[in-house]
Every structure is written in structure tokens, then in C-alpha cells.
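Overview (structure and organization)
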Amino acid sequence: MKQSIVEQFFKIMYPDLDIKIKNYELMPRFDFNEKGQFVEGDSAIFIDVITNSLFDEYNVGYELTQFTGYEFSITKC
């Protein structure tokens, strides 16, 4: 998933907050299949944001996960 999509999400869902992405890292994830083999799963995305606004990292990460299917971890710097 591209960083620009996440930036658009922030602008649309939180137009009153000033949120800037400092670091955006896409990490591959692996899951076990029925045969006990590792297979590539959906990627996890780690984001560091800079904001001086009230910002709940957990809820925003949860919303992004629900909308996209990717697992998000957001940290406020």
C-alpha cells in the first residue's frame, strides 16, 4: 500500500488535525497454512507521525486496518 493513500485517509477522515508522516515502513508478514508451512500473508505497516493535535494512535490504526485489511501500527513522535 502506498504512503499517499494513507495520507489521503488522514486528510479525509481527520481534516481538522495536522498529521505529517515522518516514517512509513512496509514489512512482510508470514502465516502458517493448513500444512504447517510458512506462506506470505498481508503486510504490516508501521507509521511514525508528527502531530501537535490530540491523536489516538490505537483507534486510527484500528480504523486503517478495518478499511484496508493491512495491519497498521501508528506511533506519535
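Check the entry above for the structure.
Conventions and cut-offs
Residues numbered from 1 in each chain as written. Predicted model: local features only at pLDDT ≥ 70, side-chain atom pairs only at ≥ 80, totals over all residues. Heavy atoms only, no water. Salt bridge = Lys/Arg side-chain N within 4 Å of Asp/Glu carboxyl O. Helix = DSSP H or I, 4+ residues; strand = E, 2+ residues; numbered from the N terminus. Buried < 20%, exposed > 50% of the residue type's maximum accessible area, 1.4 Å probe, protein only. Arc of directions from axis to C-beta. Contact = heavy atoms within 4.5 Å. Pairing = 2+ DSSP bridges. Axes fitted to C-alpha atoms, helices over the stretch in contact; angles between N-to-C directions. Core = buried A, V, L, I, M, F, W, Y, C linked by side-chain atoms within 4.5 Å.

The subject of this paragraph is the pattern of salt bridges. This model, assessed by the stated rule, comprises 2 salt bridges. Among the salt bridges present, the one from Glu-71 reaches Arg-29, with a minimum N-O distance of 2.0 Å. Separated by 42 residues along the polypeptide, Glu-71 in strand E5 (residues 71-76) and Arg-29 in the loop between strand E1 (19-27) and strand E2 (30-32) bring together distant segments of the chain. Overall, Glu-71 belongs to the partly exposed group, its relative accessible area being 40%.

It is worth spelling out helix H1 (residues 3-13) at this point. Listed as buried for H1 are Val-6, Phe-9 and Phe-10. Viewed end-on, H1 has its buried residues packed into an arc of 95°, placing them on one side of the element. For H1, exposure combined with an orientation more than 90 degrees from the buried face picks out Lys-11 and Ile-12. For H1, the secondary structure elements touched by its buried residues are E1, strand E4 (44-51), helix H2 (57-68) and E5.

With that settled, consider the sheet that holds E1. Spatial ordering of the open sheet is given by E1-E4-E5, a layout of 3 strands whose pairing is mixed. Only two strands of the sheet have a single partner each, and these edge strands are E1 and E5. Along the sheet, successive strands turn relative to each other by an average axial angle of 20°, direction set aside. Of the pairings in the sheet, the one linking E1 to E4 comprises 8 bridges and is antiparallel in character. Each residue of the ladder has a partner; that of Met-27, found in E4, is Ala-44. The sheet contacts of H1 involve E1, E4 and E5, and relative to E1 the element is tilted by about 140°.

The next point concerns the nonpolar core. Judged by nonpolar contacts, the single largest core of 15 residues is most densely connected at Val-6, Phe-10, Ile-47, Val-49, Leu-64 and Ile-74. Breaking this core down by element, the ones donating at least two residues are H1, E1, E4, H2 and E5. In contact with Leu-64, not counting residues within four places along its chain, are Val-6, Phe-9, Phe-10, Gly-69, Phe-72 and Ile-74.

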